[in-house]
Amino acid sequence: VLGKQGAGKGTQCVRLSRHYVIPHISTGDLFRTAAAAQTPYGKLVEHYIAEGELVPDDVVIGVVAERLAEDDTIRKGFVLDGFPRTLAQAEGLAELLAPDDLDLVLDLEIPKEVALARLSERRVCVSCGTNYSLSRPPKFDWTCDICGGEVVQREDDSEEAIRRRLMLYEEETAPLVAWYEERGKLAVIDGLGEPDEVQARMVAAIDAAIRSRHQ
Ligand code: AP5
Ligand code: MG
């Protein structure tokens, strides 16, 4: 799933992974977990994340390669959230998957002002990563509805880091939309509206792609 910061990639990919019962692979989540555990590679990536910079391609591709080699993704398939986001990563992914390929790439589209508004309101659970926002808070006192963890603002949701991430999106990630379109893989999804509505659009696009493959 492609899309600007704040497009709802995380929100929607978690739901897709439940709907199709497949693993959800988010490079951002993998990096945040490693940074919190202060593993050697967690220490390497944490300053890139805090400043809204992209983690170097070779590190990202290495992490995804390891995850894709695990048994569950091989058996069930997967939904990728926030990867690839450079041309080098898209090419690296194609090599990893060959002779197979991605089934479909969904591009979640929202205007930049909506992205900014959503990110400045976002709050996340430190334990399980569930998303909330100032307008959709957890039921009880910033405690996660699902796991009881503390719900806080993400460190890279500062105004400066948000601006940098959105600029890098335009420079590095937006060109992937045309790249996947040329390869006949792209479905553009309107990311505005209630999360349930957006999810229904995504499921419809995926199911249509599955049907046309079996015809
Ligand atoms: P990552 O965690 O991927 O962050 P990101 O790209 O900045 O994207 P976001 O998580 O901010 O946006 P989202 O689209 O998931 O939106 P969400 O669902 O939360 O990456 C973090 C960092 O890791 C990067 O900056 C980089 O340093 C590094 N990194 C990760 N992958 C990398 C890679 N491949 N290469 C290099 N570096 C990499 O929604 C946002 C808010 O909106 C939430 O509050 C949500 O509740 C709300 N919302 C969602 N949908 C709706 C809706 N329909 N209506 C109203 N509100 C909504
Ligand atoms: Mg996300």
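Draft legend 1. Up close: the sheet that holds strand 4 (residues 105-109). Here we have three strands laid out as an open sheet, ordered 1-4-8, and parallel in their pairing. Each end of this open sheet is capped by a strand with a single partner; those strands are strand 1 (2-3) and strand 8 (186-190). As paired strands, strand 4 and strand 8 are joined by five bridges and run parallel to one another. Residue pairing across strands places glutamate 109 opposite aspartate 190, the latter belonging to strand 8. Against the sheet, helix 10 (residues 195-213) contacts strand 4 and strand 8, and its axis sits at roughly 160° relative to strand 8.

Draft legend 2. Representation of the packing of helix 8 (residues 159-173) against helix 9 (residues 175-182) in the model. For the pair helix 8 and helix 9, interaxial distance at closest approach is 6 Å and the crossing angle is 35°. Contacts between helix 8 and helix 9 involve Tyr169, Glu170, Glu171, Glu172 and Thr173 from the first element and Pro175, Leu176 and Val177 from the second. Residue classes in the contact of helix 8 with helix 9 are distributed as four nonpolar, one polar and three charged.

Draft legend 3. Region of interest: the pairing of strand 5 (residues 122-125). Residues of strand 5 alternate between two faces, with Arg122 and Val124 on one and Arg123 and Cys125 on the opposite face, all of them buried. Sheet analysis places strand 5 next to strand 6 (residues 131-133), joined by three bridges and oriented antiparallel. When the sheet's bridge partners are listed, valine 124 is paired in strand 6 with asparagine 131. Counting the residues in the hairpin turn of strand 5 and strand 6 gives five residues, including glycine 129, whose phi is positive at 80°.

Draft legend 4. Molecular detail of the site of ligand 1. Among the 35 residues in the neighbourhood of ligand 1, the closest are listed as Thr11, Thr27, Glu53, Arg85 and Arg122. Note that an oxygen atom of ligand 1 is positioned 2.9 Å from one of the backbone N or O atoms of glycine 10. Protein chains bury 95% of the 1000 Å² of accessible surface belonging to ligand 1 in isolation. Elements that contribute at least two residues to the shell around ligand 1 include exactly helix 1 (9-20), helix 2 (27-37), helix 3 (40-51), helix 7 (112-121) and strand 6.

Draft legend 5. View of the packing of aromatic side chains. On inspection of all chains with the given rule, the structure shows two aromatic pairs. Each ring, one from phenylalanine 31 and one from tyrosine 41, has its centre 6.2 Å from the other, and the planes form 75°; the classification is edge-to-face. Separated by ten residues along the polypeptide, phenylalanine 31 in helix 2 and tyrosine 41 in helix 3 bring together distant segments of the chain. Take phenylalanine 31: its relative accessible area is 6%, and that puts it in the buried class. With 5.1 Å between their ring centres and 90° between their planes, tryptophan 179 and tyrosine 180 make a pair best called edge-to-face. A relative accessible area of 14% places tryptophan 179 in the buried class. Looking at tyrosine 180, the relative accessible area reads 4%, which means it is buried. Positioned over the ring face of tryptophan 179 is arginine 183, at 3.7 Å from the centre of the ring.

What counts, and at which threshold
Residues numbered from 1 in each chain as written. Chains lettered and ligands numbered in written order. Predicted model: local features only at pLDDT ≥ 70, side-chain atom pairs only at ≥ 80, totals over all residues. Heavy atoms only, no water. Pairing = 2+ DSSP bridges. Helix = DSSP H or I, 4+ residues; strand = E, 2+ residues; numbered from the N terminus. Contact = heavy atoms within 4.5 Å. Axes fitted to C-alpha atoms, helices over the stretch in contact; angles between N-to-C directions. Nonpolar A, V, L, I, M, F, W, Y, C, P; charged D, E, K, R; others polar. Buried < 20%, exposed > 50% of the residue type's maximum accessible area, 1.4 Å probe, protein only. Near = heavy atom within 4 Å. Polar contact = N/O pair within 3.5 Å; in protein donor to acceptor, adjacent residues only side chain to side chain. Areas by Shrake-Rupley, 256 points an atom, 1.4 Å probe, with all protein chains shown as cover. Phe/Tyr/Trp six-rings, centres within 6.5 Å; stacked < 30°, edge-to-face > 60°. Lys NZ or Arg CZ within 6 Å of the ring centre and 35° of its normal.

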